[in-house]
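# Survey of secondary and tertiary structure
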Amino acid sequence: MENAGDMAAEGAGPGQISTEARISDLVRLGIIGLFAYWTLILIAPFALIVIWSAILAVALFPIFEALSRLIGNRPVIAAVIVVVFSLVLIIAPLALVAVNFADAAQALIGKLRAGNVTLPEAPAAIREWPVVGERIHGAWNQIATDLAATIIKFQAPIREVTAVIVEKLASIGGGILSFVVSIVLSGIFLTRATRLAAAIQVLASRIAGEKGVGFARLAGTTVRNISRGVIGVAFLQTLLCGLCFALFDIPASGPLTFVVFVLCLMQLGPALVLLPVILWAWFSWPTSIALVFTIVAIPIMIIDNILKPILMARGLSTPMPVILIGVIGGTLSQGLLGLFLGPVVLSVFYELLIAWAWPSVPIASENSRPASFDAQPERLEKT
């Protein structure tokens, strides 16, 4: 009898222990999930700034590393220089645009108060446009002859549009302030590059093993390429447009330059600004000057089609359409932050899909990763 009871107890022991172990695991997971949820709530107000800081740190790391070596391996001084240069690069153009916009708005308000605002008559060539030529010509001349009456007639929609513009400008101001804080925080990240690289590698390895390290490096390479291919090209096109507007003395060159930069970041290109300006130049300037302006402006419009494929696909095996879809879709859905997150998410998902469908094919980032990276992760760009 005792032997039978002992055998029954021993037979029931493993099942009971297994049930208790499962309950304990569920309790642990619940506690961890609760703390994770609580942590997310606490850091949510700062999440955008931290994400931007991490993106900027990855994008600026090659410059930081080269500068640190140049001044004798002094990372703190190099980080300060990079942060100051980045702030100047961001704040100076915005300040110039703001001053130009304020001057233009002040001049327009002064003319409106004095009643001196007049529009030129519609060019006769507009009448020759098919279907809508006569209507556009007549509406243009009607507004030009009595601008004040037109403003009074449409004051309600003008007021609504003005309110939306003011709201958007306030939002842009808050975004710029957050971006400035992100730049400063990215400098701190740069000074901790070695520890951050090691932590990222450990987390990636715990999540997905050796392939996780490849995915981490793929994300870093994608961010760096997007920063060069999108932000870099956008700055280049904006600079060229600004110089072109200043050289030919285009009215409201500051606001137009700012609009060009926003359109370039949204992957729409400067054509939406340059084409109307070119059209205006042909109606307002002598033919020779308008032709020279057109010859200068057209290469600026198409230069991104040449540079982006070269810079964005550098060091990546992810197809270019996947990256472009990520850039455009991320920008439309998440704004400027989605410009980076979109291609990173799609690139990693593409590599995950390839790894699932063809397990024997290594991740692209693993092929180009040096052997020493596994033993001693000392560079942020490797992660």
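Every chain is numbered independently, its residues counted from 1 as its sequence is written. Under the rules for a predicted model, residues below a pLDDT of 70 receive no local features and side-chain atom pairs below 80 are neither given nor counted, while totals for whole chains, interfaces and linings still include all residues. With hydrogens and water excluded, all non-hydrogen atoms of the structure serve as input to the side-chain values.

## Thoughts on the nonpolar core
Inclusion rule: We call a set of buried residues a nonpolar core when its members are Ala, Val, Leu, Ile, Met, Phe, Trp, Tyr or Cys and they connect through side-chain atoms within 4.5 Å of each other. A 1.4 Å probe rolled over the protein chains alone gives each residue an accessible area, and that area as a share of the maximum for its type sets the label: buried under 20%, exposed over 50%, partly exposed in between. Secondary structure elements are taken from DSSP: a helix is a run of H or I of four residues or more, a strand is a run of E of two residues or more, and numbering for both begins at the N terminus. We call two residues in contact whenever any of their non-hydrogen atoms come within 4.5 Å of each other.
Core analysis: the largest hydrophobic core is formed by 46 residues, its most contacted members being Ile-226, Phe-245, Phe-293, Leu-339 and Phe-340. No other element matches the eleven residues that helix H6 (residues 193-247) contributes to this core. Aside from chain neighbours lying at most four places away, what touches Phe-293 is Cys-244, Phe-248, Ile-250, Val-277, Ile-278, Ala-281 and Trp-285. Within the second largest apolar cluster, ten residues are counted, among which are Ala-57, Phe-64, Leu-190 and Ala-193.

## Focus: the UniProt feature "transmembrane region" (unreviewed entry) in the protein
How we decide: UniProt positions are given in the numbering used here, feature names are shortened, and annotations may be inferred rather than shown by experiment.
In the numbering used here, UniProt assigns the "transmembrane region" (unreviewed entry) feature to residues 31-64, 76-102, 169-190, 226-248, 260-283, 289-311 and 323-350. The span residues 31-64 carries 100% helix and 0% strand; its end-to-end C-alpha distance comes to 41 Å. Between the first and last C-alpha atoms of residues 289-311 the distance is 34 Å; the span itself is 100% helix and 0% strand.

## Details of H6
Rules: Working rule for helices: expected span equals 1.5 Å times residues minus one.
The first and last C-alpha atoms of H6 sit only 43 Å apart over 55 residues, clearly below the 81 Å expected at 1.5 Å per residue. Positive phi shows up at Asp-249, right after H6, with a value of about 55°.

## Here's the deal with unusual backbone geometry
Located in the positive-phi region is Asn-73, a residue other than glycine, with phi close to 55°. Summarising the element assignment, Asn-73 is placed in the loop between helix H1 (2-70) and helix H2 (75-114). Its identity as a non-glycine residue notwithstanding, Asp-249 has a phi of 55°, on the positive side.

## A short note on the pattern of salt bridges
Using the following cut-off: Think of a salt bridge as a Lys or Arg side-chain nitrogen and an Asp or Glu carboxyl oxygen that are within 4 Å of each other.
A full pass over the atoms with the stated rule returns one salt bridge. Arg-69 serves as the salt-bridge partner of Glu-65, at 3.3 Å between the closest nitrogen and oxygen. Residue Glu-65 and its partner Arg-69 are located together in helix H1, separated by four residues, close to a single helical turn. On the accessibility criterion, Glu-65 (14% relative accessible area) is buried.

## Examining the packing of aromatic side chains
Two descriptors summarise a pair of aromatic rings, namely the distance from one centre to the other and the angle between the planes of the rings. Inclusion rule: Only Phe, Tyr and Trp rings are paired, with Trp represented by its six-membered ring, and only when their centres lie within 6.5 Å; those with planes under 30 degrees apart are stacked, over 60 edge-to-face, the remainder tilted.
Counted under the stated rule, the structure contains six aromatic pairs. Seen from their ring centres, Phe-235 and Phe-261 are 5.1 Å apart, and the 45° between their planes marks the pair as tilted. Here Phe-235, found in helix H6, pairs with Phe-261, found in helix H7 (residues 253-265); they are 26 residues apart in sequence, far enough to count as distant. With a centroid separation of 5.1 Å and an interplanar angle of 80°, the aromatic rings of Phe-248 and Phe-293 are classed as edge-to-face. Here Phe-248 is found in the loop between H6 and H7, whereas its partner Phe-293 is found in helix H9 (residues 287-312), with 45 residues between them in sequence. Each member of the pair Phe-248 and Phe-293 is classed as buried. An aromatic cluster is defined as three or more aromatic residues linked by ring pairs; in this entry it consists of Phe-248, Trp-280, Trp-285 and Phe-293.

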